[in-house]
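This is what each chain is made of:
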Amino acid sequence: TIPRTSGAMAGSKRTRADAGADEIEEAELALVAQKAKVAGGGSNDASTAIAISTKGTTSSRLRGVKRTSSLDAPIMLLEGHADGVNGVKFSPDGTVLASCGADKVVNLWKVSGDCENYMMMRGHKNTVLELHWTADGDNLVTCSPDKSVRCWDAHVGVSVKNMRGHQAFVNSCAPSTRGDPLVISGSDDGTAKLWDLRRKHAVRTFPHRFQVTAVAFSKDASQVYTGGVDNVLRAYDVRKEDAPYLTLPGHTDTITGISTSPDGTHVLTNAMDCTLRMWDVQPYASGDRCVKYFTGHSHNFEKTLLRCSWSADGTRVSAGSSCANVFVWDVDSRRVLYKLPGHGGTVGEVAFHPKEPVIASGSADHKIYLGELAD
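In this text the structure is predicted, and so the values were computed from the model without any measurement. (Residues numbered from 1 in each chain as written. Predicted model: local features only at pLDDT ≥ 70, side-chain atom pairs only at ≥ 80, totals over all residues. Heavy atoms only, no water.)

> Is there a simple way to explain the overall build of the protein chain in this structure?
Of regular secondary structure, the protein chain possesses two helices and 30 strands. Counting every position in the protein chain, which comprises 375 residues, the buried fraction comes to 58%. Intrachain contacts of the protein chain at a sequence separation of at least 6 include 47% that bridge at least 24 residues. Taken as a whole, the protein chain presents about 15,400 Å² of accessible surface, with 49% of it coming from carbon and sulfur. (Helix = DSSP H or I, 4+ residues; strand = E, 2+ residues; numbered from the N terminus. Buried < 20%, exposed > 50% of the residue type's maximum accessible area, 1.4 Å probe, protein only. Contact = heavy atoms within 4.5 Å. Areas by Shrake-Rupley, 256 points an atom, 1.4 Å probe, with all protein chains shown as cover.)

Put into C-alpha cells, the structure is as follows:
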C-alpha cells in the first residue's frame, strides 16, 4: 500500500482524518522563490532554491503538520543545472549536497537555509555520470564519458587529480570508505580499474568480457563489486588481479547501480529488468545469496544508469526510476513506503541524508528536490 502524499514531494505522510489536514489541503499553494546567494561571484546567477509554501504565514501553513527535519520547508526545490541531473549525494556530515549532470558541472548546495548553490566545479568534457564524497568529506570523486575519473577538492572547488587510463566511457566510480585512498571505476572498455590517489596510474585492472556499468567498494574496502551489461554481480579481492571470488547471476538485464549496506553484510543492485535486488555477501553464506528483491520502479527505452542507495540505518532503500517518481522501500517488509511525484523526467538517483529523515532526488528535468520524510 502506498501512503497518500501531498505537494511535489510530501515529506510527512498524512490522511484526511489528520487534525488540520482539510485546512491545509484547501490552502492555495504558491511557489516562493528565494534567489540563491552567489559566493565569490563565480557561481551560476540563475541558481535558485524554491520552498513549497502556501499563501499566508509559515505558522499557518504548518499548522497540524509535524516537522521532522531542520529544512526551512518540508520540500525544497533546487534549480541551477542547465541539463539533466544524473547524481546527488549528501556530504558525510550532511551539511552539503553535491550534484552532477549532463551540463558537465558539479554543483555544491548548502542543506540549510535557502539551500544556496555556493560552488560550481568544471573540468569534465562530457556529462558527469556519477559522484561520491570521500569518507572524510574533503573530496569528491566523479566519472564521465570523457574517459576520465576526477578527484576534486570540495573546499576550494578545483580538480586535484585526473585519472586517465580507460579507453572508453567511464560509467561508474566509487571511493573506499576506509584505509588507503582508493577509487574503483568501471568502463565501456570492459575493465574495472583500481586507483590509488597517491599514484599516477591505476594499481589494478579487473578485466570483464563486457561493459562495466556499476561499481562499489565493500565496507572494509578489501573487495570491490562490479556489474554490467551481462547482468551479473561480481566481487573481487582488491589485493589480487584474479578472477572474481564471487559471481552472482540473477538479474535479466543490465545492472545500473550498486550500493553496499551500512553494516557491509549486503549489497543492493538496481537493474534494467526493473528490479532492485539485495544480496548477502557475507563469507560462507549458503543457498541463494539474493535474499530480497524490490519492485515498483521502472526503466525505459532511455536505458539510463539509474542508481540505488541505503539509508544510514540500513532500514530503507531507494532507487531512481524512469516513471519520474521517487521510490523508497522498507527493507524488512519490501513494501513501498513512498512513491513521490513532482519530477518531470527520469529520476537518476535518490540519496538519504546521513543524520535526518531527508532525501534528495535528481532528475532529467534539471531539478533537485529535498524532501522531508516522516520519522
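> For this particular structure, what's the right way to read empty space enclosed by the protein?
Over the atoms, a rolling probe the size of a water molecule traces out where space has been left empty. Tallied over the full model, the rule gives one cavity of 30 Å³ or more. Lining the largest cavity, in full, are His 208, Phe 210, Gln 211, Gly 227, Gly 228, Val 229, Asp 230, Val 232 and Arg 234. For the lining of the largest cavity, the class distribution of residues is three nonpolar, four polar and two charged. (1 Å grid on protein atoms, 1.4 Å probe; cavity = no way out; pocket = protein on both sides within 12 Å on 5 of 7 lines; lining within 4 Å. Points joined across faces, edges and corners; volume = space filled by probe spheres on them. Nonpolar A, V, L, I, M, F, W, Y, C, P; charged D, E, K, R; others polar.)

> I'm lost on the layout of surface pockets in this one. Help?
Counted as a void, the largest pocket has a volume near 1,000 Å³. Together, 38 residues line the largest pocket, and Lys 89, His 132, Thr 177, Ser 259 and Thr 260 are the ones closest to its centre. Sorting elements by how many residues they give to the lining of the largest pocket places strand 20 (residues 255-260) first, with five residues.

> How should I be thinking about the sheet that holds strand 21 (residues 266-271) in this particular structure?
Neighbouring strands of a sheet are bound in pairs by backbone hydrogen bonds; such pairs are parallel or else antiparallel. The strand order 20-21-22-23 describes an open sheet built from four strands, whose pairing is antiparallel. Looking at strand neighbours, the two that pair on one side only are strand 20 and strand 23 (290-294), the edges of this open sheet. This sheet shows a mean twist of 20 degrees between the axes of neighbouring strands, independent of strand direction. Two strands pair when backbone bridges link them, and strand 22 (residues 276-280) and strand 23 are joined in this way by four bridges, in the antiparallel orientation. Counted as the bridge partner of Met 278 is Lys 292 from strand 23. (Pairing = 2+ DSSP bridges. Axes fitted to C-alpha atoms, helices over the stretch in contact; angles between N-to-C directions.)

> In this structure, what is going on with the packing of aromatic side chains? I would like to understand it.
Taken as a whole and assessed by the stated rule, the structure comprises three aromatic pairs. On the basis of an interplanar angle of 55 degrees and a centroid distance of 6.1 Å, the ring pair of Phe 294 and Trp 329 is categorised as tilted. Taken together, the residues Phe 294 in strand 23 and Trp 329 in strand 26 (residues 326-330) connect sequence positions 35 residues apart. A centroid spacing of 5.6 Å and a plane angle of 20 degrees characterise the contact between Phe 327 and Trp 329, whose relative ring orientation is stacked. Residue Phe 327 is classed as buried on the basis of its relative accessible area of 2%. Three or more aromatic residues joined by ring pairs form one cluster here, namely Phe 294, Phe 327 and Trp 329. (Phe/Tyr/Trp six-rings, centres within 6.5 Å; stacked < 30°, edge-to-face > 60°.)

> How should I be thinking about the sheet that holds strand 18 (residues 233-237) in this particular structure?
Strand order in the open sheet formed by four strands is 16-17-18-19, with antiparallel pairing between adjacent strands. Strands with a single pairing partner mark the edges of an open sheet, and in this sheet they are strand 16 (212-217) and strand 19 (246-248). Within the sheet, the average angular offset between the axes of one strand and its neighbour, ignoring direction, is 20 degrees. Of the strand pairs in this sheet, strand 18 and strand 19 are connected by three bridges, and their pairing is antiparallel. By the bridge assignment for strand 19, Arg 234 is matched with Thr 247.

> How do you make sense of the environment of Ser 144 when you look at a structure like this?
Structurally, Ser 144 is set in the loop between strand 9 (139-143) and strand 10 (148-153). The sequence separation of Ser 144 and Asn 126 amounts to 18 residues, and the corresponding C-alpha distance is 6.1 Å. Setting aside residues no more than four positions away along its own chain, Ser 144 makes contact with His 124, Asn 126, Thr 127, Phe 169 and Val 170.

> Even after reading the chapter, I still don't get the pairing of strand 11 (residues 158-164), so can you show me in this structure?
Sheet topology note: the strand 10/strand 11 ladder contains six bridges and is antiparallel. Its bridge partner lying in strand 11, Trp 152 is registered against Ser 159. In textbook terms, the turn of a hairpin is the stretch between consecutive antiparallel strands, and for strand 10 and strand 11 this stretch comprises four residues, one of which, Gly 157, has a positive phi near 75 degrees.

> For this particular structure, what's the right way to read the side chain of Ser 99?
Structurally, Ser 99 can be placed in strand 5 (residues 96-101). A polar contact of 2.7 Å, which involves the side chain of Ser 99, links it to the side chain of His 81. Among all residues touching Ser 99, those that are not within four sequence positions of it are His 81, Val 85, Gly 87, Val 88, Val 105, Val 106, Asn 107, Trp 109, Leu 131 and Ile 368. (Polar contact = N/O pair within 3.5 Å; in protein donor to acceptor, adjacent residues only side chain to side chain.)

> How should the side chain of His 299 be read in this particular structure?
Secondary-structure assignment places His 299 in the loop between strand 23 and strand 24 (308-310). For His 299, a relative accessible area of 12% puts it in the buried group. Among the polar contacts listed, one links the side chain of His 299 to the side chain of Asn 270, at a separation of 3.4 Å. Within the structure, the side chain of His 299 is placed 2.9 Å from the backbone oxygen of Ala 271, a separation counted as a polar contact. Apart from residues lying up to four places away in sequence, His 299 is in contact with Thr 256, Asn 270, Ala 271, Met 272, Cys 274, Thr 304, Leu 306 and Ser 322.

> What should I look at first to understand the nonpolar core in this one?
What tends to happen in soluble globular proteins is that the nonpolar side chains get buried as a cluster. Counting 16 residues, the largest nonpolar core has Leu 78, Val 88, Phe 90, Leu 97, Ile 368 and Leu 370 as its most contacted members. Those elements that place two or more of their residues in this core are strand 3 (75-79), strand 4 (85-90), strand 29 (358-363) and strand 30 (367-372). (Core = buried A, V, L, I, M, F, W, Y, C linked by side-chain atoms within 4.5 Å.)

> Is there a simple way to explain a positive patch on the surface in this structure?
On the surface, Lys 104, Lys 125, Lys 147 and Arg 164 cluster together into a patch of positive charge. Tracing the sequence through the fold places Lys 104 in the loop between strand 5 and strand 6 (105-110). (Patch = residues over 30% accessible without salt bridge, like charges linked within 9 Å, V, L, I, M, F, W, Y side chains within 5 Å. Salt bridge = Lys/Arg side-chain N within 4 Å of Asp/Glu carboxyl O. Lys, Arg positive; Asp, Glu negative; His and termini not counted. Charge placed at Lys NZ, Arg CZ, Asp CG, Glu CD.)

> So what exactly am I meant to see when it comes to a nonpolar patch on the surface here?
Residues Val 156, Val 158 and Val 160 make up a contiguous nonpolar surface patch of roughly 250 Å² in combined accessible area. Inspection of the secondary structure puts Val 160 in strand 11.

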